[in-house]
Amino acid sequence: MKKFLLILCSMIMLVGCGNMDGSEIISEIPESTTEEPTEEITDIEPETDVQIYEDLGNGWVVERQVFTVETTEPVTENLAEKPMPIWSTEYFQYEVTDTGLDVYKTLNVIGDRGELHQQLEVDIEKSSDNIKNIVITIDYDGDSYYDIAVRTKTDNKNTYFRYFRYNPDTDYFEEWQELDKLNYFVSPFGNELTVFHKISDSDDETNTYIWENGSPVLVRKEKQYLDNGIILRDYLEYDENGNETLIKRENLVYDDDGRLISVTDLTP
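Rules and cut-offs
- Residues numbered from 1 in each chain as written.
- Predicted model: local features only at pLDDT ≥ 70, side-chain atom pairs only at ≥ 80, totals over all residues.
- Heavy atoms only, no water.
- Helix = DSSP H or I, 4+ residues; strand = E, 2+ residues; numbered from the N terminus.
- Buried < 20%, exposed > 50% of the residue type's maximum accessible area, 1.4 Å probe, protein only.
- Polar contact = N/O pair within 3.5 Å; in protein donor to acceptor, adjacent residues only side chain to side chain.
- Contact = heavy atoms within 4.5 Å.
- Pairing = 2+ DSSP bridges.
- Axes fitted to C-alpha atoms, helices over the stretch in contact; angles between N-to-C directions.
- 1 Å grid on protein atoms, 1.4 Å probe; cavity = no way out; pocket = protein on both sides within 12 Å on 5 of 7 lines; lining within 4 Å.
- Points joined across faces, edges and corners; volume = space filled by probe spheres on them.
- Nonpolar A, V, L, I, M, F, W, Y, C, P; charged D, E, K, R; others polar.

Asks: Help me get a handle on the side chain of Q118, residues and values and all.
Replies: Following the sequence through the fold, Q118 ends up in strand β6 (residues 113-121). For Q118, a relative accessible area of 12% translates into the label buried. Engagement of the side chain of Q118 in a polar contact is seen with the backbone oxygen of F173, the distance being 2.7 Å. Residues contacting Q118, with those up to four places away along its chain left out, are L101, D102, V103, Y172 and F173.

Set out below in structure tokens:
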């Protein structure tokens, strides 16, 4: 009989343990589980980890650890006091005047205009009220600062530009005669500069330059021209001495709407 009671008690204890989560810390409490704890946790600091004991019945409690989280009030940023970053195309603002171009610093990211910063003497034929059609911000020399191309005039074939390089040491724009010599709009691509311009309805040129010692040097040219009633396009390359080599020649045929319909290789 005693042996039977011992086996029965062992089975009851195993059933009780089988209901518990293995990840929780288990401890046995005295038989009198109905009594309230004699000690209370008081004066807990805001950032203190707290031990909580939960009564699961059947004479078992689990010990749980509760972590407190410190909260802060949201910070409201005053954008009027946040400066416009120098790498932004809006770092300067521009205004066309009778004598040229006025340059202003942008005070903050909201776009408030500061006092007059610089005046550039340049003849501008104003054909648009949108300043973004007149002043184009581009990093031409790869120094990570924006320079500006200023449109001076437009005719029925081409658009003409003056160029000003931004000098971060002085915080001012400087005349850029090396690019002014190219006369038309300069498109940077990698370490190359490309300039397209029309000569007539059938003739045009696309010149490609690279920077050498602070100046653009011609390395390639695509030249389209009319010769004895047919339209030709030559692909030319230039060495370091400026010597020209014909790489390829094509005969181009366009329809009445100016669409290219055929290309024939005429390379000598």
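Anyway, onward from the coordinates.
Asks: Describe the sheet that holds strand β4 (residues 92-96), listing the residues and the values that go with them.
Replies: Read across the sheet, 3 strands follow the order β4-β5-β6 without closing on themselves; strand pairing throughout is antiparallel. Two strands lie at the open edges of the sheet, namely β4 and β6, each paired on one side alone. Each adjacent strand pair in this sheet contributes to an overall mean axis angle of 30 degrees, direction not counted. Of the pairings in the sheet, the one linking strand β5 (residues 100-106) to β6 comprises 6 bridges and is antiparallel in character. For V103, the partnering residue across the bridge sits in β6 and is Q118.

Asks: Provide a residue-level description of empty space enclosed by the protein, including the pertinent values.
Replies: A full pass over the atoms with the stated rule returns 1 cavity of 30 Å³ or more. Of the voids in this model, the largest cavity is the one considered here, and its volume is about 80 Å³. Taken together, the residues of the lining of the largest cavity break down into 6 nonpolar, 3 polar and no charged.

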